[in-house]
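Structural overview
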Amino acid sequence: SPPAAPPAMAASPGAVAAVPGGVVAVAQVTSTADKEHNWRQCSALVRRAAAAGARAVFLPEGFDFIGDSPQQSLALAEPLHGDIVGRYRQLARECDVWLSLGGFHERGQDWDSTGRIYNCHLLLDNSGALVAAYRKLHLFDAALPGAPALSESSFTNPGRELLPPVPTPVGKLGLAVCYDLRFPELAQALRGAGAQILTFPSAFTVPTGAAHWEVLLRARAIECQCYVVAAAQTGRHNAARASFGHSLVADPWGTVVAQCQEGPGLCLAQLDLGYLEQVRRDMPVHGHRRGDIYGAL
């Protein structure tokens, strides 16, 4: 039987009173190619989360926009010193919250030479400082039956490094993006580096989300004995593309402790690091890994 877990918090938007400790909010949105629409949607949810007592707010991949085509995505992309990031830095300051901006279309320093962007997960502290920028390692190229083919690598550069977990008010946070979820080696490497929370901001397709979203997130939580925080896109972005939704937080036992369904909104959860340490003590899986046989992570 699982260790006694902290009580789950209500998942309805704006319904949770402030609780001392590690309260996180997960925002679920429907981004389009209209940046102003997306900003209004996301900033309103961040303000609502801060009013509900969240110390950290997690936004999904493509929070800035989801374009109608690779060409439009390239045209709309901005550098880290551009308007979009500047707005969110000010928002973090105003709301006194940390922000996980889960998949920013970044024109990097090599934009002029490559003409490609990065899928960049940004972490801002509550002063608005940029404390981490993780560039997605695994790019999503798939042609699923009955769905439009997606080829992220046709216009996006892959990242070149995994960042060490970042100390935050809610725990040590390991950064990833969407398709990274399918690579347990990445999650294990973050766990080995000290992560207490893994975050997978996403825009999962409807077919893959229905089949794999929750089971993959719960698996990463169980095998790494970490909290998993997963903000997701939801609904129809344009004529060709829709996302599954169902943003969630899973605890280190793999229990889903907060979850959105479909449509924009928030869910909130209390992260209890004492409970996390209890789970790891009771079943010290990480110390039992046989790196001498199959390689260390």
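Residues numbered from 1 in each chain as written. Predicted model: local features only at pLDDT ≥ 70, side-chain atom pairs only at ≥ 80, totals over all residues. Heavy atoms only, no water.

As annotated in an unreviewed UniProt entry, the chain carries the name Deaminated glutathione amidase and comes from Promerops cafer. Reading the Sequence similarities (unreviewed entry) entry of the UniProt record for the chain gives the comment "Belongs to the carbon-nitrogen hydrolase superfamily. NIT1/NIT2 family." (UniProt positions renumbered as here; feature names shortened; annotations may be inferred.)

Now for the overall build of the chain. The number of helices and strands found in the chain is eight helices and 16 strands. Relative to the globule expectation of 19 Å for 297 residues, the C-alpha radius of gyration of the chain, 18 Å, shows essentially globular dimensions. Overall size of the chain, expressed as C-alpha extent along the three principal axes, is 50 × 50 × 35 Å. The long-range share in the chain, meaning contacts at least 24 apart out of those at least 6 apart in sequence, stands at 71%. Distance between charge centroids for the chain: 2 Å, based on 24 positive and 26 negative side chains. (Helix = DSSP H or I, 4+ residues; strand = E, 2+ residues; numbered from the N terminus. Rg over C-alpha atoms; globule rule 2.2 N^0.38 Å. Contact = heavy atoms within 4.5 Å. Lys, Arg positive; Asp, Glu negative; His and termini not counted. Charge placed at Lys NZ, Arg CZ, Asp CG, Glu CD.)

Turning our eyes to something else, we now look at helix H3 (residues 83-95). A rise of 1.5 Å per residue sets the reference length of H3, with its 13 residues, at 18 Å; its end C-alpha atoms lie 18 Å apart and thus fit the reference within 8%. Burial in H3 covers these residues: Ile84, Val85, Tyr88, Leu91, Ala92 and Cys95. Seen end-on, H3 carries its buried residues on one side only, within an arc spanning 115 degrees. A positive phi of about 55 degrees marks Asp96, the residue just after H3. (Expected span 1.5 Å × (residues − 1). Buried < 20%, exposed > 50% of the residue type's maximum accessible area, 1.4 Å probe, protein only. Arc of directions from axis to C-beta.)

For the rest of this paragraph, the subject is the sheet that holds strand E10 (residues 197-199). Strands sit in the order E8-E9-E10-E11-E14-E15 across an open sheet of six strands; the sheet is mixed. The open sheet terminates on both sides in strands that have one partner only, identified here as strand E8 (166-168) and strand E15 (256-259). Along the sheet, successive strands turn relative to each other by an average axial angle of 25 degrees, direction set aside. Where strand E9 (residues 171-175) and E10 come together, three bridges link them in parallel fashion. Among the inter-strand pairings, Leu173 is bridged to a residue of E10, identified as Ile197. (Pairing = 2+ DSSP bridges. Axes fitted to C-alpha atoms, helices over the stretch in contact; angles between N-to-C directions.)

Here the focus is the packing of aromatic side chains. One pair of aromatic rings is described through two measures. These are the centre distance and the angle between the planes. The full count for this structure, using the stated rule, is six aromatic pairs. An angle of 85 degrees between the planes, with centres 5.3 Å apart, marks the rings of Tyr179 and Phe183 as edge-to-face. It is Arg135 that lies over the ring of Tyr118; its NZ or CZ is 5.8 Å from the centre. (Phe/Tyr/Trp six-rings, centres within 6.5 Å; stacked < 30°, edge-to-face > 60°. Lys NZ or Arg CZ within 6 Å of the ring centre and 35° of its normal.)

Buried residues of helix H7 (residues 273-282): Tyr275, Leu276, Val279 and Arg280, and no others. Buried positions in H7, seen along its axis, are confined to an arc of 140 degrees and lie on one side of it. Structural note: H7 exposes Arg281 and Asp282 on the side pointing more than 90 degrees away from its buried face. Buried residues in H7 make contact with helix H5 (184-192), helix H6 (206-224) and strand E11 (227-230). Two to three positions downstream of the cap, the backbone nitrogen of Gly274 sits 3.0 Å from a side-chain oxygen, assigning the N-cap of H7 to Asp272. (Polar contact = N/O pair within 3.5 Å; in protein donor to acceptor, adjacent residues only side chain to side chain.)

Comment: phi is negative for the bulk of residues other than glycine, and the bulk of peptide bonds are trans. If you check the backbone angles, Asp96 has positive phi at about 55 degrees while not being a glycine. Tracing the chain through its elements places Asp96 in the loop between H3 and strand E3 (98-106). One non-glycine residue with positive phi stands out, namely Cys178, at about 40 degrees. Looking at where Cys178 falls in the secondary structure, it is placed in the loop between E9 and H5.

There is about 630 Å³ of room inside the largest pocket. Taken together, 34 residues line the largest pocket, and the ones lying closest to its centre are Ile66, Leu150, Glu152, Phe155 and Arg241. Broken down by secondary-structure element, the contributors of at least two residues to the lining of the largest pocket are helix H2 (70-76), E3, strand E4 (118-124) and strand E7 (150-151). For the lining of the largest pocket, the residue count by class is 16 nonpolar, 12 polar and six charged. One number sums up the size of the second largest pocket: a volume of about 280 Å³. Lining the second largest pocket we find 16 residues, and of these Glu106, Gln109, Tyr118, Arg135 and Arg160 sit closest to its centre. No other element matches the three residues that strand E5 (residues 130-135) contributes to the lining of the second largest pocket. (1 Å grid on protein atoms, 1.4 Å probe; cavity = no way out; pocket = protein on both sides within 12 Å on 5 of 7 lines; lining within 4 Å. Points joined across faces, edges and corners; volume = space filled by probe spheres on them. Nonpolar A, V, L, I, M, F, W, Y, C, P; charged D, E, K, R; others polar.)

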